[in-house]
Amino acid sequence: MYTLDLSGKTAAVFGVANRRSLAYGIAKELGKAGVRQAFTYQGERLKDNVAKLAGDFENSMLLECDVTNESQLESTFSQIKAEFGHLDYLVHSVAFAQKEDLEGDFVNTSRDGFRTALEISAYSLISMTRFAKPLMEGRKGSVVSLSYLGAERSVPHYNVMGTAKAALEQITRQLASELGESGIRVNTISAGPVNTLSARGISGFGKILKVYEERAPLRRNITQEEVGTAALFLLSEMGGGVTGTTLHVDAGYSTVGL
Ligand code: NAP
């Protein structure tokens, strides 16, 4: 496969929980291209686990950051500035909704559940980008986040996460329009279903995988690696003319009518 040389470039990667995480698939591609990466973990309990994963990548950094905590976000980016001096790429691969909000009826979504899902899964892209912007100035910075078809269509049980993903995709367009003059691009990947920890929290996830296999034009599900290579395209200058876009990496499923 074609290999890019991005040595000298740096990335902040949010959302590596284990080796199945989509963020880990993106980190693998960035790592192969020689990008130096900072990884974050959410709280002491998860530190050792993410530290092991960060150890898979040469010269990486590990930082604590719960994306609901503004001062941790600020400190994360100031430590990245101190260590890397600048930032080229930002990967937002973070989402959360309360379990009951992914199981019950959407009409019963609580105010608290709505706020939690939107704050962690969508607002965080705004605050991360705000802190990343000064580190990216003059460097053709690029931001990539992860969305899902539930942003555009109703999907059983996806509920408030669909609302959060719709917000994430609009935030992507709005940030792209504002940051374009600084040469910073902002895009999101709308990924097909991949068996990860978060995905297993969605009721009926196994059925979703099966439906894609039967009906997507490619008659299969996508892989973690395919999300990684698409992200590499969008982050690097290969995708230099692309911004504000939601790129579907879904074996074509979203293009099918009947
Ligand atoms: P994952 O491995 O479980 O990753 C989700 C990440 O979000 C975890 O690292 C989790 O950290 C992090 N997170 C949750 N709340 C956080 C908070 N308050 N602060 C910081 N981090 C927090 O699952 P994934 O499937 O790779 O998900 C990554 C992204 O891809 C999500 O945006 C998801 O919606 C999107 N996506 C997934 C699929 C799919 O089928 N897998 C399809 C389309 C889009 P902890 O483990 O520490 O909680």
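Small disclaimer: the values here were computed from a predicted structure and weren't measured.

Conventions used here
Residues numbered from 1 in each chain as written. Predicted model: local features only at pLDDT ≥ 70, side-chain atom pairs only at ≥ 80, totals over all residues. Heavy atoms only, no water. Buried < 20%, exposed > 50% of the residue type's maximum accessible area, 1.4 Å probe, protein only. Helix = DSSP H or I, 4+ residues; strand = E, 2+ residues; numbered from the N terminus. Arc of directions from axis to C-beta. Near = heavy atom within 4 Å. Polar contact = N/O pair within 3.5 Å; in protein donor to acceptor, adjacent residues only side chain to side chain. Areas by Shrake-Rupley, 256 points an atom, 1.4 Å probe, with all protein chains shown as cover. Nonpolar A, V, L, I, M, F, W, Y, C, P; charged D, E, K, R; others polar. Salt bridge = Lys/Arg side-chain N within 4 Å of Asp/Glu carboxyl O. UniProt positions renumbered as here; feature names shortened; annotations may be inferred. Contact = heavy atoms within 4.5 Å.

**Some details on helix α2 (residues 47–54)**
Among all positions of α2, only Val50, Leu53 and Ala54 are buried. With its buried residues spanning 100 degrees around the axis, α2 presents them on a single face. Summarising the geometry of α2, the exposed residues directed more than 90 degrees from the buried face are Asp48 and Lys52.

**Things to note about the site of the ligand**
Taken together, 28 residues surround the ligand, and among them Ser21, Leu22, Val194, Thr196 and Ser198 come closest. Gln42 is positioned with one of its side-chain polar atoms (N or O) 3.0 Å from an oxygen atom of the ligand. Separating an oxygen atom of the ligand from a side-chain N or O atom of Ser198 is a distance of 2.6 Å. For the ligand, whose accessible area on its own is 890 Å², the fraction buried by protein is 89%. Residue composition of the shell around the ligand, by class: 18 nonpolar, eight polar and two charged.

**Things to note about the pattern of salt bridges**
The tally for this structure, following the rule as stated, stands at 11 salt bridges. Across the pair Lys32 and Glu29 runs a salt bridge whose closest N-O atoms are separated by 3.1 Å. Of this pair, Lys32 and Glu29 are both found in helix α1 (residues 22–32), three residues apart, which corresponds to roughly one turn of the helix. Residue classification places Lys32 among the exposed residues on the basis of a relative accessible area of 52%.

**Considering the UniProt feature "binding site: substrate" (unreviewed entry) in the protein chain**
Per the UniProt record, the feature "binding site: substrate" (unreviewed entry) sits at Ala97. Mapped onto the fold, Ala97 is located in the loop between β4 (89–92) and α4 (111–136). Classification of Ala97 by relative accessible area gives buried; the value is 8%. Other than its neighbours up to four places away in sequence, Ala97 contacts Leu102, Ala117, Val160 and Met161.

**Digging into the side chain of Ser124**
Counting through the fold element by element, Ser124 comes out in helix α4. Those residues in contact with Ser124 that sit more than four places away from it in its chain are Val67, His92 and Glu119.

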